[in-house]
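Architecture and fold: a report
Below, each chain spelled out in residue letters.
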Amino acid sequence: MESADDVTEDIREPLLRPADGGPLPEFRPGRHITPAEADAPGTTRAYSLTGAARSDTLGTYRLAVRRIDGGVFSPVVHRGLTAGARRLVTVPSGLFAIPVDHDQPVVLLAAGVGITPFLGHLEPPASTGGSVPEVVPHHGNRNRRTHPFADRLRKLDEAIARLTVIDHYSRPDAEDVIGVHYSAFGRVTAEHIDEELIRRRARFYIRGPQAMIDAVTAGLTASRRPEVRHLR
Ligand SMILES: Cc1cc2nc3c(=O)[nH]c(=O)nc-3n(C[C@H](O)[C@H](O)[C@H](O)COP(=O)(O)OP(=O)(O)OC[C@H]3O[C@@H](n4cnc5c(N)ncnc54)[C@H](O)[C@@H]3O)c2cc1C
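Residues numbered from 1 in each chain as written. Predicted model: local features only at pLDDT ≥ 70, side-chain atom pairs only at ≥ 80, totals over all residues. Heavy atoms only, no water.

1. Observations regarding the site of the ligand
Counted only if it meets this: Here a residue is near a molecule or strand as soon as one of its heavy atoms is found within 4 Å of it. What qualifies as a polar contact is a pair of N or O atoms within 3.5 Å, subject to a donor-acceptor requirement within protein and to the restriction that residues adjacent in sequence count only when both atoms come from side chains. Computed with a 1.4 Å probe, the accessible areas rest on the Shrake-Rupley method; for each residue, only the protein chains presented here act as cover.
Taken together, 18 residues sit near the ligand, with Ala-46, Tyr-47, Ala-64, Phe-73 and Ser-74 positioned nearest. Interatomic distance of 2.7 Å between a side-chain N/O atom of Tyr-47 and an oxygen atom of the ligand. Within the side chain of Ser-74, one N or O atom sits 2.6 Å away from an oxygen atom of the ligand. Taken by itself the ligand offers 920 Å² of open surface, and the protein chains cover 61% of this.

2. Description of the pairing of strand 7 (residues 106–111)
We count it as follows: Buried, partly exposed and exposed residues are distinguished by accessible area as a fraction of the type maximum, computed with a 1.4 Å probe on protein chains only: under 20%, between the cut-offs, and over 50%, respectively. Each helix is a run of H or I in the DSSP string that is no shorter than four residues. Each strand is a run of E no shorter than two, and both are numbered from the N terminus. Strands qualify as paired when DSSP identifies two bridges or more between them.
Among the six residues of strand 7, five are classified as buried, and the element is accordingly described as predominantly covered. Here six bridges tie strand 7 to strand 8 (residues 135–141), and the two strands are oriented parallel to one another. For Leu-109, the partnering residue across the bridge sits in strand 8 and is His-138. As defined by bridge partners, strand 7 adjoins strand 11 (residues 203–207) across five bridges and the pair is classed as parallel.

3. Things to note about the layout of surface pockets
Summary: where empty space remains is shown by rolling a probe the size of a single water molecule over the atoms. The condition that has to hold: Points on a 1 Å grid, built from protein atoms alone, make a cavity when a 1.4 Å probe fits but cannot get out and make a pocket when they are open with protein on both sides within 12 Å along at least 5 of 7 lines; residues with an atom within 4 Å of a point are the lining residues. Grid points are joined across faces, edges and corners, and a volume is the space filled by probe spheres set on the points. For this classification, the nonpolar set comprises Ala, Val, Leu, Ile, Met, Phe, Trp, Tyr, Cys and Pro, the charged set comprises Asp, Glu, Lys and Arg, and every other residue, Gly included, is treated as polar. Marked domain ranges trace back to an automatic or database domain assignment.
The computed volume of the largest pocket comes to approximately 1,300 Å³. Looking at the largest pocket, it is lined by 44 residues, and the ones nearest its centre are Ala-111, Val-113, Gly-114, Gly-208 and Pro-209. Of all the secondary structure elements, the ones that give two or more residues to the lining of the largest pocket are strand 4 (47–48), strand 6 (65–66), helix 2 (116–128), strand 8 and helix 5 (210–223). If you tally residues by element for the lining of the largest pocket, the top one is helix 5, at six residues. Looking at side-chain class alone, the lining of the largest pocket contains 19 nonpolar, 16 polar and nine charged residues. Two domains each donate at least three residues to the lining of the largest pocket, and these are domain 1 (3–89) and domain 2 (106–230). As for the second largest pocket, its lining consists of 24 residues, and the residues nearest its centre are Met-1, Leu-16, Arg-17, Arg-87 and Val-89. Taken together, the residues of the lining of the second largest pocket break down into 18 nonpolar, two polar and four charged.

4. Thoughts on the confidence of the model for the chain
Note the cut-off: The predictor reports its confidence for every residue as pLDDT, a score running from 0 up to 100.
Scored by pLDDT, the chain has a mean of 88; 92% of the residues are at 70 or more. Mean pLDDT per element in the chain: strand 12 (residues 227–230) is the minimum at 60, and strand 9 (residues 166–169) is the maximum at 98.

5. Structural notes on the UniProt feature "domain: FAD-binding FR-type" (unreviewed entry) in the chain
Put simply, the test is: UniProt positions are given in the numbering used here, feature names are shortened, and annotations may be inferred rather than shown by experiment.
Under the present numbering, the feature "domain: FAD-binding FR-type" (unreviewed entry) in UniProt falls on residues 1–99. Annotation note: span residues 1–99, helix share 7%, strand share 18%, distance between end C-alpha atoms 32 Å.

6. Examining the side chain of Asn-141
Using the following cut-off: Pairs of residues are marked as contacts when any of their non-hydrogen atoms sit within 4.5 Å.
Here Asn-141 lies in strand 8. A polar atom in the side chain of Asn-141 sits 3.4 Å from the side chain of His-139. Apart from the residues within four sequence positions on either side, Asn-141 is in contact with Gly-112, Thr-146, His-147, Pro-148, His-168, Tyr-169 and Ser-170.

This is the structure in structure tokens:
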């Protein structure tokens, strides 16, 4: 591990570099890697890659790890891993991909750190001018203190004309102002989805706790029949 920055009070962003200093395999946006925990043999956990996906000299992988109190792996990343720590890590893998050149809009529904694979999809085209479909991410967080990547998402929103980020705060602090720091009060629900997007046969991608996936999926399918993809 080269370094690790705190993104929010419970999300940390480790930067990993190969021990031999050589280049890393490129990867498709949305892929994850699986680090192993040295103190718990056989224990591995998957983490989405959030940084640059392609480069002739790709030297680092970037992750975002939310601390789950009582968890085996994530507390170690927050408390135990310091610069210079070594772990075995798999090459990037996974099947998640959103269509990049498509007429149907894409609706991304994410809670907290669940936004990571979507960041990987949106940042490369923003910097290289690649193709992006019309994308509406609904990102749920408690408040600004727990809102990961707010600045990065705001920059993307400004850079990509076809992107509209909608931030939901379920427990805003007194200083969090609706219309300035976030767009909607409460959790992300099916009722927040613009009917026009459903009429235009938007594709839905949901990433978050099972309770959120179940509630949003039930809400969407109760009266309407969009195409819903589960990303586990
Ligand atoms: C493809 C994929 C990509 C992932 N990407 C990320 C990522 O980018 N960032 C990230 O932080 N995590 C990500 N995860 C989740 C991650 O792999 C771990 O499950 C998570 O870090 C918890 O591991 P742990 O060892 O700390 O907790 P565990 O020891 O596995 O679990 C401890 C307790 O916490 C509960 N728990 C486990 N996971 C969660 C959760 N997410 N929310 C609430 N409670 C939970 C368990 O039910 C258990 O009771 C991803 C998972 C998958 C499958």
